Amino acid sequence: MDMLLFFILGLLVHFVFFGSIFDIYFTSPLVHGMTPQFTPLPPPAKRLVLFVADGLRADALYEFDENGNPRAPFIRNIIMHEGSWGISHTRVPTESRPGHVALIAGFYEDVSAVAKGWKENPVGFDSLINESKYTWSWGSPDILTMFAKGVGGDHIYTYSYDAESEDFGAHDVTKLDTWVFDHVKEFFHAARNNQSLFSKVNEEKIVFFLHLLGIDTNGHAHRPTSREYKDNIKVVDDGIKEIVSMLEHFYGNDGKTAFIFTSDHGMTDWGFHGAGHPSETLTPFVTWGAGIKYPQKVSVQKFDDAFLKEWKLENWKRQDIHQADVAPLMASLIGVPFPLNSVGILPIDYLNNTDLFRAESMFTNAMQILEQFKVKMTQKKEAILPFFFIPFKLLSESKQLNILRKARSYIKQRKYDEAVSLCKELIHLALKGLSYYHTYDRFFLGVNVVLGFVGWTSYASLLIIKSHSNLTRGVSKEVKKPSHLLACSFIALGVLVAFFLLIQDCPWTYYVYCLLPIPIWYAVLREFRVIQDFVLSLLTFPPSQLVARLFIFTLGIEVLVLSFFYRYTLTAGLVAFACWPFITQLRTRAKSISLSWIFFSLLLAVFPLMPVVGRKPDIFLVMGAGLLVLLLSLCVVTSLLKRKDHFINEELLLHLVQMLSIVLSMYVVYTTHDSLLKKQGLPLFNQIISWITLASSFVLPLLSPTSLFERLFSILLSSMSAYLLLSTGYEALFPLVLSCLMFVWIQVEQETLRQPSVSYKQKVTSLQFTCSPDITQFRQLYLDDVRRAFFLVFFLVTAFFGTGNIASINSFDLASVYCFLTVFSPFMMGALMMWKILIPFVLVMCAFEAVQLTTQLSSKRLFLMVLIISDIMALHFFFLVKDDGSWLDIGTRFSLPVTCFFFSSCSISHYVIVMSMTIVLVFLNGLAHLLTTKKLELCGKPKSHLI
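Not measured: the values here are computed from a predicted model.

Attention now goes to the overall build of the protein chain. Assigned secondary structure in the protein chain consists of 36 helices and eight strands. Taking all 947 residues of the protein chain together, the buried fraction comes to 56%. Entry remark: accessible area of the protein chain is about 40,000 Å², with carbon and sulfur atoms responsible for 63%.

Listed below in structure tokens is the structure:
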């Protein structure tokens, strides 16, 4: 098969494997067609006021300040005299949109929403706001619009500030909250003079939603431990006090208003969120007013943690809930139907009402969740052949009716506690059944994807053995015509599978996953002669040697896999790399190179031991990295001036321009940091210089000579000028150390193939990158090339995890992009942070271009081995993927025991990274080839190479 065609097919296959994880594990859990359910008794409240303080941690609200006073005195007074309180436990991803969906709609967002930036609605869903008679909301446009968009009628009114107001570099971001409070006051003032509006706000089943973004913005900009974050809590507390007082006065203290104060998610100490650390998942929940129990003094709490004592609330009953439980609570308070897609369980211990009302509300909750179960079961049953359908046995139709009859009977007999208990049992069974039917096809699809994985890896291995190695010398390289029986058998199998899927009305993606393994395995089995000859070749090896090599290869793969869980595994691997010259002839043949390899391997091994997240910005380390690059540049320019008889003015000018770019980057980083500390915002000049530097980093290397050393050094200088702008601390040193090790690696690989009669110095000075390499110089693959492929994959993984836990949402530091923009823009910020991640990748791939040149190795052949290694790793993670728990802890474990639960369910990021690695490597390989071989000429001057 032509190699170009093979790589195109390989990309398509890996795109399928990449997408399969979302079809198998992360499809939308929502169903439609349920009947609305609501409590048939009069509700305790006519109106609900929902305050959501975005990004507020539970401990930040409940704790005392440095002077021993409550940080939020009004909320503290509510807890002690008027209402009930607890902790709302959120789920990952702890982002604003999923958190608000859980609060207001009662279900946990699926992963498909991330493609919309957590803003737009990937699927339609019902919510408390939709079920209300009228809803007025104030706050961020990102949050308010998602509950109003696509909703029929004109009963939802939103008031939001401009998106540009969400500026992390603004002088005072508490204005985001004061804007909300001021506009709410203006609204009710206007209602007094507008009869139509006055009548609407006096209706029943209405909601007022106040989204308060200032705390979250201050947390990102200054960290949750900052004075700005804590002062913003006080601003919110004062604002809520004023709004509550105004509303009570407006409604004449009628006692028909219910208040809820909570947060969508918390925030880590380093100012980010998205994963499952307790600081992100533990949020405050305080409620008071109509239908809510008054404070309850207790001597013993059921929670065994230190929070109660720290917050001095050990004598006030704490009632924790899950975030999705808030939606049914709010629906019960104002008497609207429970949101159709809600999976929340009504926390009846918060309700201050009759036992009948509590029992009826719980019965309504059970019916609402059971409706979802019935619709899900019917949909799955209709899509599967009757003799293949396996129902959820724990909740048969007869059991449903039996529980409902018993619960209704208990309510009539006034056995309310028994009725509530039965309803809770029914809810738990229905939720298990929902999960059962939602994952019904998971095993079937998983088996097909695994078959495709194994088949593709086998075929790639056979292609290497057959066409690029000497392991099958006895077999003709020409493809022999396969037997018609084999072809007909696979065609018949394909037709049978397609017919099976057709009669079950399966989605088109099922055809892809189920039919793809068939041609792949046909391609494998038609190479039976190659397999046979390869097995015979293996038998010629001494068994001990064969087992030893297989063990080393397996150990290497497992080390790569473990590095995704334990970052210090990379340190162990780099230490092992440092010891490598001692078991080869390198130590005696090239002592200086060996010492350099050992030194830079050990130096790079330090980075995985550094803190992943939670590090404090250290601008002086960034400045230090810039100074080291400048010092190295001076040494290199001096060396080139001494080495060459004449140094072209254009080359010298280019080096000076790149050094100036480094100086400008240092200036921009320092002055931007200083300006933001003074709350003066991002200077326009700095912003312009940053974008120009980023753009020029792609162009300047193309102006340098194509000699190996000069081109690679030019790429390093341009990359560092951009990387410094994206750095906040020690990570600024990482590309420099990595590049030094990469250059030594080039020399090491050259030494492993060097003949004693060839001068090493002459080879270095004569190496040139070229667009059209001489394919006659390429050699066959040897076993040592497996090591080179492993080195490449290991260095790429190190580039991923060397300075940060990129697999976790909360490890990204928004401060990294403050030299470019400070106004919240998720896709632009994400793109900049992604480029920061890719810069070390580009450096590794450019070095590998040189390794291929020095070892006379075809990149396509080596890429096949990299493909196999990454596919074996991906297969590991495919079996570990789960759809619950956290997306955190990809590179490290926190010391808190509570995070162990989250750690056990986090491997989607692993799988996505490994699959992306294969796909992105094709792009990076092309980019590295462009950066190393292309030469731009200025003013039409001819190309000049000096040797």
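Now that the structure has been shown, we can carry on.
Burial of strand E3 (residues 134-139) is extensive: six of the six residues sit out of reach of the surface. By the bridge criterion, five bridges tie E3 to strand E5 (residues 206-212) in an arrangement that is parallel. If you follow Trp 138 over to E5, its bridge partner there is Leu 210. Both E3 and strand E4 (residues 156-160) contribute to a ladder of five bridges, which runs parallel. Paired with Thr 135 across the two strands is Ile 156, which belongs to E4.

Let us look at the packing of helix H17 (residues 442-467) against helix H19 (residues 508-515). Between H17 and H19, whose axes approach to 8 Å, the crossing angle comes to 45°. Relative to H19, the element H17 is oriented oblique. Here H17 contributes Phe 444, Leu 445, Asn 448 and Val 449 to the contact with H19, which in turn contributes Tyr 510, Tyr 513 and Cys 514.

What follows deals with unusual backbone geometry. If you check the backbone angles, Lys 312 has positive phi at about 55° while not being a glycine. Tracing the backbone through its elements, the reader meets Lys 312 in the loop between helix H12 (307-311) and strand E8 (321-322). Note on Lys 312: relative accessible area 51%, which makes it exposed. Non-glycine residue Asp 505 carries a positive phi angle of around 55°. Relative to the assigned elements, Asp 505 resides in the loop between helix H18 (484-503) and H19.

If you walk across this open sheet you meet the eight strands as E4-E3-E5-E1-E6-E7-E2-E8, and the pairing is mixed. Each edge of the open sheet is held by one strand with a lone partner, namely E4 and E8. Bridge analysis of strand E2 (residues 83-89) against E8 gives two bridges, and the strand direction is parallel. Each residue of the ladder has a partner; that of Ser 88, found in E8, is Ile 321.

With that settled, the discussion passes to a nonpolar patch on the surface. Together, Leu 5, Ile 8, Leu 9 and Leu 12 make up an exposed nonpolar region whose accessible area comes to about 340 Å². Along the chain, Ile 8 falls in helix H1 (residues 3-25). For Ile 8, a relative accessible area of 45% puts it in the partly exposed group.

In this section: the nonpolar core. In this structure, Phe 17, Phe 564, Trp 597, Trp 745, Phe 795, Met 873 and Tyr 911 are the most contacted members of the largest nonpolar core, which totals 155 residues. Sort the elements by how many residues they give to this core and helix H33 (residues 826-855) lands first, with 16 residues. Judged by nonpolar contacts, the second largest core, of 67 residues, contains Val 101, Ile 104, Ala 359 and Phe 392.

With twelve residues, helix H21 (residues 528-539) should reach 16 Å at 1.5 Å per residue; the first-to-last C-alpha distance of 17 Å fits that figure. Residues of H21 that are buried: Val 530, Asp 533 and Ser 537. The arc that holds every buried residue of H21, seen down its axis, measures 70°, which confines them to one face. Facing away from the buried surface of H21 by more than 90 degrees, the exposed residues are Phe 528 and Leu 539. Looking at the buried positions of H21, the neighbouring elements they touch are H17.

With that settled, the discussion passes to the packing of helix H27 (residues 649-677) against helix H29 (residues 708-725). The interhelical angle for the contact between H27 and H29, taken along N-to-C directions, is 20°, at an axis separation of 8 Å. Taken together, the axes of H27 and H29 lie roughly parallel to each other. Between H27 and H29 the crossing geometry is left-handed. Of the residues in H29, those in contact with Glu 651, Leu 654, His 655, Gln 658, Ser 661, Ile 662, Ser 665, Met 666, Val 668 and Val 669 of H27 are Glu 710, Phe 713, Ser 714, Leu 717, Ser 718, Met 720, Ser 721, Leu 724 and Leu 725.

Now for the environment of Pro 391. Within the fold, Pro 391 resides in the loop between helix H14 (355-382) and helix H15 (397-412). For Pro 391, a relative accessible area of 38% gives the class partly exposed. Between the C-alpha atoms of Pro 391 and Tyr 440, which are 49 residues apart in sequence, the distance is 9.8 Å.

So, about the pattern of salt bridges. Taken as a whole and judged by the stated rule, the model has 22 salt bridges. Residues participating in the shared-partner salt-bridge network are Glu 66, Arg 227, Lys 230 and Asp 231.

This part takes up the environment of Lys 836. As for its placement among the helices and strands, Lys 836 is situated in helix H33. C-alpha of Lys 836 to C-alpha of Leu 725: the two residues are 111 residues apart in sequence and 9.4 Å apart in space. Once you skip the residues sitting within four places of it in the chain, Lys 836 turns out to touch Tyr 723, Leu 726, Ser 727, Glu 731 and Ser 816.

Turning our attention to the side chain of Ser 361. Within the element layout of this structure, Ser 361 appears in helix H14. In this structure Ser 361 comes out as buried when scored by relative accessible area, which is 0%. Apart from residues lying up to four places away in sequence, Ser 361 is in contact with Thr 39, Ser 332, Phe 338 and Leu 346.

Before going further, it helps to examine the packing of aromatic side chains. Under the criterion given, the structure shown has 67 aromatic pairs. Seen from their ring centres, Phe 168 and Phe 824 are 6.1 Å apart, and the 90° between their planes marks the pair as edge-to-face. Taken together, the positions of Phe 168 in the loop between E4 and helix H7 (175-192) and Phe 824 in the loop between helix H32 (783-801) and H33 put the pair 656 residues apart, joining distant regions of the chain. On the basis of relative accessibility, which here comes to 7%, the residue Phe 168 falls in the buried class. Centroid distance Phe 878 to Phe 879: 6.2 Å. Interplanar angle 80°. Geometry classified as edge-to-face. Residue classification places Phe 879 among the exposed positions, given a relative accessible area of 56%.

Cut-offs applied
Residues numbered from 1 in each chain as written. Predicted model: local features only at pLDDT ≥ 70, side-chain atom pairs only at ≥ 80, totals over all residues. Heavy atoms only, no water. Helix = DSSP H or I, 4+ residues; strand = E, 2+ residues; numbered from the N terminus. Buried < 20%, exposed > 50% of the residue type's maximum accessible area, 1.4 Å probe, protein only. Areas by Shrake-Rupley, 256 points an atom, 1.4 Å probe, with all protein chains shown as cover. Pairing = 2+ DSSP bridges. Axes fitted to C-alpha atoms, helices over the stretch in contact; angles between N-to-C directions. Parallel < 35°, antiparallel > 145°, perpendicular 65-115°, else oblique. Contact = heavy atoms within 4.5 Å. Patch = residues over 30% accessible without salt bridge, like charges linked within 9 Å, V, L, I, M, F, W, Y side chains within 5 Å. Salt bridge = Lys/Arg side-chain N within 4 Å of Asp/Glu carboxyl O. Core = buried A, V, L, I, M, F, W, Y, C linked by side-chain atoms within 4.5 Å. Expected span 1.5 Å × (residues − 1). Arc of directions from axis to C-beta. Left-handed = near helix turned anticlockwise from the far one by under 90°. Phe/Tyr/Trp six-rings, centres within 6.5 Å; stacked < 30°, edge-to-face > 60°.

Honestly, that's just the spatial picture; any functional story needs more than this.
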